[in-house]
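Here's the letter readout for the chains.
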Amino acid sequence: MKRSLTFISKKMSYALRHNPEKYGLTLDEYGYTDVAQFLQALNRMHHFTPRLKLADLEKVIAQSDKQRFEIRNGKICALYGHSIPGIIKRRAAVPPAILYHGTARRFLASIKREGLLPMSRQYVHLSTDVATAKQVGLRRDSQPVILTIATEKAQAAGIQFFVGNDQVWLCSEVPPQYLQVK
Ligand code: HQG
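Residues numbered from 1 in each chain as written. Predicted model: local features only at pLDDT ≥ 70, side-chain atom pairs only at ≥ 80, totals over all residues. Heavy atoms only, no water.

Draft legend 1. Molecular detail of the pattern of salt bridges. Taken as a whole and assessed by the stated rule, the structure comprises 5 salt bridges. Close ionic contact of Arg68 with Asp65 constitutes a salt bridge, the shortest N to O distance being 3.8 Å. We classify Arg68 as buried; its relative accessible area is 19%. Overall, Asp65 belongs to the exposed group, its relative accessible area being 65%. (Salt bridge = Lys/Arg side-chain N within 4 Å of Asp/Glu carboxyl O. Buried < 20%, exposed > 50% of the residue type's maximum accessible area, 1.4 Å probe, protein only.)

In structure tokens form, the structure reads like this:
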């Protein structure tokens, strides 16, 4: 059984963002589940040898390029990326005046028409800086488009922003009038 940090991280993401039920896990309204039960479920489903321990999850979190998970008070959650039914609550806060979104050129016409929509996830994902947005866009296009989001105007119109991690902000949608191609 593969046991690389990337492999473990992908299984953690799948369980916490997309399919906790398959692992026999329930998430609370903020997306947290008991970390001991989480470890048991990962070991049961993937037969890690030697068995995964808390220290392995901590290592995944510490060595990752992105802050995807958080362990707190004996519980673990994914900080963003969820696609399960039932919106995971995140803390609303005031974001930087400009946020960024990196996307593929082929999506631009539709985004200009409809705005940014969560698509298969629960929230639209926004970045605090251009470099991060570019990395996100590069997943889908070698020459990604960077959009800027005017968050003050959006908030004045009642749109809320939620904290993902230090670089990721979440939003239910961004109508086209708050978007500009950078
Ligand atoms: C696009 C990764 C057409 C949107 C990343 C994006 C991120 C539209 C795609 C996190 C649209 C959805 C999320 C519209 C939005 N018409 N296309 N109206 N509105 N789109 O993967 O932001 O490595 O769900 O531009 O780093 O790319 O997994 O969102 O291209 O933080 O931890 O629809 O996932 O993190 O794609 O990425 P996604 P995303 P991890």
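Draft legend 2. Spotlight on the environment of Ala104. Structurally, the position occupied by Ala104 is in the loop between strand S4 (98-103) and helix H4 (108-114). Along the chain, Ala104 and Ile146 lie 42 residues apart, while their C-alpha atoms are 8.8 Å from each other. Here Ala104 is in contact with Arg140, Asp141 and Val145, once residues within four sequence places are set aside. (Helix = DSSP H or I, 4+ residues; strand = E, 2+ residues; numbered from the N terminus. Contact = heavy atoms within 4.5 Å.)

Draft legend 3. Looking closely at the packing of aromatic side chains. Applying the stated criterion to the full structure yields 3 aromatic pairs. Ring geometry for Tyr123 versus Phe162: centroids 5.6 Å apart, planes at 50°, classification tilted. One end of the pair, Tyr123, is in the loop between H4 and strand S5 (124-127); the other, Phe162, is in strand S7 (residues 161-163), with 39 residues separating them in the sequence. The two residues Tyr123 and Phe162 agree in class, both being buried. (Phe/Tyr/Trp six-rings, centres within 6.5 Å; stacked < 30°, edge-to-face > 60°.)

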